[in-house]
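An overview of the molecular structure
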Amino acid sequence: MTETAFESSADLLYRTAGRLPGERTRFDGCDDAAAFVEQMAATVEGEVMQLVPVFTAGSFEFSRLVADAVLRRGAKLRAVWSSKVLEEPAAAAHAKWLAVRRSAPRVVDHVPIRATLVDRAAAIVHDDDGRAGLVQLNRVLGSLSLIGDRLWRNGIESEIGGADAGESSCDARKKMVLRLLAEGLTDDAIARRIGVSVRTVRNDVAGAMVGLRARSRFQAGVRAVQLGLV
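Residues numbered from 1 in each chain as written. Predicted model: local features only at pLDDT ≥ 70, side-chain atom pairs only at ≥ 80, totals over all residues. Heavy atoms only, no water.

Look at helix α2 (residues 30-41) against helix α3 (residues 64-72): their axes get within 8 Å of each other, and the N-to-C directions meet at 20°. If you check the angle between α2 and α3, you find them roughly parallel. Read as a crossing pair, α2 and α3 show a hand that is left-handed. Along its contact with α2, which presents Val 37, Glu 38 and Ala 41, the element α3 presents Leu 65, Val 66, Ala 69 and Val 70. (Axes fitted to C-alpha atoms, helices over the stretch in contact; angles between N-to-C directions. Helix = DSSP H or I, 4+ residues; strand = E, 2+ residues; numbered from the N terminus. Parallel < 35°, antiparallel > 145°, perpendicular 65-115°, else oblique. Left-handed = near helix turned anticlockwise from the far one by under 90°. Contact = heavy atoms within 4.5 Å.)

Examined against the element boundaries, Ala 121 turns out to sit in the loop between β5 (114-118) and β6 (122-126). Accessibility expressed as a relative area gives 46% for Ala 121, which makes it partly exposed. Between the alpha carbons of Ala 121 and Asn 138 there is a distance of 7.7 Å; along the sequence they are 17 residues apart. (Buried < 20%, exposed > 50% of the residue type's maximum accessible area, 1.4 Å probe, protein only.)

To describe a pair of aromatic rings, one takes the distance between the centres and the angle between the planes. A full pass over the atoms with the stated rule returns two aromatic pairs. Through a chain of ring-to-ring contacts, the aromatic side chains of Phe 55, Phe 62 and Trp 81 assemble into a single cluster. (Phe/Tyr/Trp six-rings, centres within 6.5 Å; stacked < 30°, edge-to-face > 60°.)

In structure tokens form, the structure reads like this:
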């Protein structure tokens with residue numbers, strides 16, 4: 001798909017979604033849309049993808065409550081931001097928070113549409129006037145998914161945040177495993193959250209249990225928190 005066709009498909013989504021009676025539920029303001037997204041985040045099974053062209057203070061795309069709800073379920077959070085979003089201090093702080101949780105946003109020069117897709121089965125789409133609506137029509141969701149996947153592939157991971165200076169990626173991963181253990185996540189959920197194999201997580205857990213003299217995986221996580229190791 002050429003860049004011109006790419007832009008045209010995004011524009012078509014705006015116009016088509018607005019003409020679909022019964023297929024798009026309009027929200028009564030930003031708070032109403034945010035509340036709905038929070039509900040969807042609490043039930044997501046696989047992935048939430050966010051396409052964010054601009055920074056909007058207080059919007060759900062920059063809500064730690066929403067992001068944490070997604071990540072706690074062991075689902076993936078894939079956010080693609082336009083480069084100008086990171087110019088906002090609040091957005092940069094959120095990017096750092098996400099990076100620590102192995103969910104750093106990817107950055108592209110331009111994001112042509114503002115949308116949040118949940119399990120590719122439903123999407124919150126914003127039109128040019130900032131109004132939001134729920135889209136569940138398969139062909140619109142398919143187009144949104146194609147746009148999101150392309151932006152994700154072309155994006156560069158935000159360099160803000162991440163592991164502390166001098167800390168190896170391995171050490172940072174082990175700290176994250178311990179933190180998630182303390183939160184009660186399973187090995188499978190932890191592996192999905194941080195993007196490693198289940199075997200790697202199990203090896204980290206086994207090492208932590210020995211080093212912390214813990215009788216259980218959960219106790220290892222709790223002791224690590226109590227000792228200030230994470």
